[in-house]
Amino acid sequence: MDYANEPHGVYLMIDNKSFYASVESVERGLNPLQSVLIVMSETDNTGTGLVLAASPKAKKEFGIRNVSRQYEVPVSHDLLVVPPRMNLYIERNLEVNKIFREFVADEDCYPYSIDESILDLTKSWKLFGKTPLEVAKRIQLEVRQRMGLYTTVGIGENPLQAKLALDLFAKHDHDLIGDLTYESMSQKVWQITKLSDVWSIGNRTEAHLKREGIETIGELALADPYELKVEFGIIGTQLYALAWGIDRSQLSQLVTPKDKSWGNSQVLPRDYQNQDEIELVIKEIGNQVASRMRHHNQMASCVSLSIGFSYAATVEDGRGGFSHSMRIEPTDTGRDLCNYLLGLFHRSWTGQTIRNIAVSYSRLTANYGLQLNLFRDPNQQIKEDLYQRMLDKIRDRFGQMALVPASSLMKGGTMLARSKLVGGHNGGNNFD
């Protein structure tokens, strides 16, 4: 493979090791690598409880994994179990990225998730060290000394290589640093046989590749790219590029989606079967999303509803739920949108217990003014529009809970409980 025309830069993919657990350890004056601590969410929608993060030592000594259930966690006086504080983690994430921006321009720091960031050091690394490895160690030291957190760093000539270096090598290295280049891909990555260990390859894709006789990343790299595209579609081309460590993406070029949409989903705190309760949650989500859409002065001409069944209903029914959409006349009125959602629900629901509800509005258009309807009183339309916008203004100023529908106080309503959560978990009180 001739890499001469491929982009050659210096990228770091940095992961805050066991981030939630590490933050909680530091808050308690503990060393994140020596503490035996897990962050356990016990909100209603996690059932008996869910492990969000575990310190390295907790994983090693007790075999605990992220997303382990509470009943899988052994009872021990040596194990410290703490509730999540999502707002605190957001605050610490901002502080860590502020340190990263001391090494790159603001536009070259790309937060990838709550605990990972990509740094494009192509233009600036020589200001901070003789080699990219030296700069990576300096960044690690700064974060460690100033925040008490350990970071894992992958170094590559493009973002893909940096991500692979992080996942495959840095997390298992004593110094928590790994590196990849175009030239080292064949020596370091091609021998991997567990294909799903490689970023972007899931279990189903791995099984598909093995049905095609591809057992290693090296065999993927040496496969015919045209046959891969015929078998896998555009994914085949991406897999071929992955095996060779090729990534031509430009992080600075923002991608504008062709069809933007607004949506939200909820995992319910229990199995819902009562129709009134299910409809109540659909309307809560539908109105919440409609308010977000109005805030951007848009209307939707397509509504979508996805319903996920409970485990028992999935086994009995033979399917996990249903998802339907419908085209409508453009509107931003919450009542109309919710009526369409309820229509989709009534069309397909036959009494199964439900555990997940998702709503989205798409095919958006700008709202240039009230569209009169021959079948509705225009004065009533104007009143409804003014009413909706007055509610939005009050909530924008005083918070979403300033005005709450009385129906949300009824059994089954989730609006009040979820208002206290961040990312579906306890937000804590450390971040305003």
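Above this note sits the structure.
Residues numbered from 1 in each chain as written. Predicted model: local features only at pLDDT ≥ 70, side-chain atom pairs only at ≥ 80, totals over all residues. Heavy atoms only, no water.

### Comments concerning the overall build of the protein chain
- A count of helices and strands for the protein chain gives 15 helices and 14 strands.
- Along the first, second and third principal axes, the C-alpha set of the protein chain runs to 75 × 60 × 50 Å.
- Within the protein chain, contacts between residues at least 6 apart in sequence are counted, and of these 65% link residues at least 24 apart.
- Of the accessible surface of the protein chain, which amounts to about 23400 Å², a share of 52% is contributed by carbon and sulfur atoms.
- The average position of the 48 basic charges and that of the 53 acidic charges among the side chains of the protein chain differ by 4 Å. (Helix = DSSP H or I, 4+ residues; strand = E, 2+ residues; numbered from the N terminus. Contact = heavy atoms within 4.5 Å. Areas by Shrake-Rupley, 256 points an atom, 1.4 Å probe, with all protein chains shown as cover. Lys, Arg positive; Asp, Glu negative; His and termini not counted. Charge placed at Lys NZ, Arg CZ, Asp CG, Glu CD.)

### Some remarks on the sheet that holds strand β10 (residues 298-309)
- Spatially, four strands are ordered β9-β12-β10-β11 in an open sheet, and the strand pairing comes out antiparallel. Pairing within the sheet leaves two strands with one partner each, and these edge strands are β9 (262-272) and β11 (321-331). Put simply, the sheet's adjacent strands are angled 15° from each other on average, direction ignored.
- Pairing geometry for β10 and strand β12 (residues 354-366), over 11 bridges, is antiparallel. The residue bridging isoleucine 307 from the neighbouring strand is isoleucine 357, located in β12.
- Relative to β9, helix α11 (residues 275-295) is tilted by about 160°, and along the sheet it contacts β9, β10, β11 and β12.
- The sheet contacts of helix α13 (residues 334-348) involve β10, β11 and β12, and relative to β11 the element is tilted by about 145°. (Pairing = 2+ DSSP bridges. Axes fitted to C-alpha atoms, helices over the stretch in contact; angles between N-to-C directions.)

### Some words on the sheet that holds strand β4 (residues 80-82)
- Pairing in this open sheet of three strands is mixed, and the strands run β3-β2-β4 from one edge to the other. The open sheet is flanked by β3 (50-54) and β4, the only strands paired with a single partner. Taken pair by pair, the neighbouring strands of this sheet meet at an average axis angle of 35°, ignoring direction.
- Where strand β2 (residues 37-41) meets β4, three bridges bridge the pair, whose relative direction is parallel. Bridged to leucine 37 within β4 is leucine 80.
- Running at roughly 115° to β2, helix α1 (residues 19-27) makes contact with β2, β3 and β4 of the sheet.

### Looking at the environment of asparagine 16
- Checked against the element boundaries, asparagine 16 lands in strand β1 (residues 11-16).
- For asparagine 16, a relative accessible area of 4% gives the class buried. (Buried < 20%, exposed > 50% of the residue type's maximum accessible area, 1.4 Å probe, protein only.)

### Focus: helix α14 (residues 378-398)
- Its 21 residues give α14 an end-to-end C-alpha distance of 30 Å, which sits within 8% of 30 Å, the value for a rise of 1.5 Å per residue.
- Buried positions along α14 lie against α11 and α13.
- Among the residues trailing α14, glycine 399 stands out with phi positive, at a value near 105°. (Expected span 1.5 Å × (residues − 1).)

### Considerations on helix α3 (residues 86-100)
- When the terminal C-alpha atoms of α3 are compared, their 21 Å separation across 15 residues agrees well with the 21 Å that a helix rising 1.5 Å per residue should span.
- The set of residues buried in α3 consists of Met86, Asn87, Leu88, Tyr89, Arg92, Asn93, Val96, Asn97, Ile99 and Phe100.

### So, a negative patch on the surface
- Taken together, the side chains of Glu212, Asp224, Glu227 and Glu231 define an acidic patch exposed on the protein surface.
- With respect to the secondary-structure elements, glutamate 227 resides in helix α9 (residues 225-232).
- By relative accessible area, which is 56% here, glutamate 227 ends up exposed. (Patch = residues over 30% accessible without salt bridge, like charges linked within 9 Å, V, L, I, M, F, W, Y side chains within 5 Å. Salt bridge = Lys/Arg side-chain N within 4 Å of Asp/Glu carboxyl O.)

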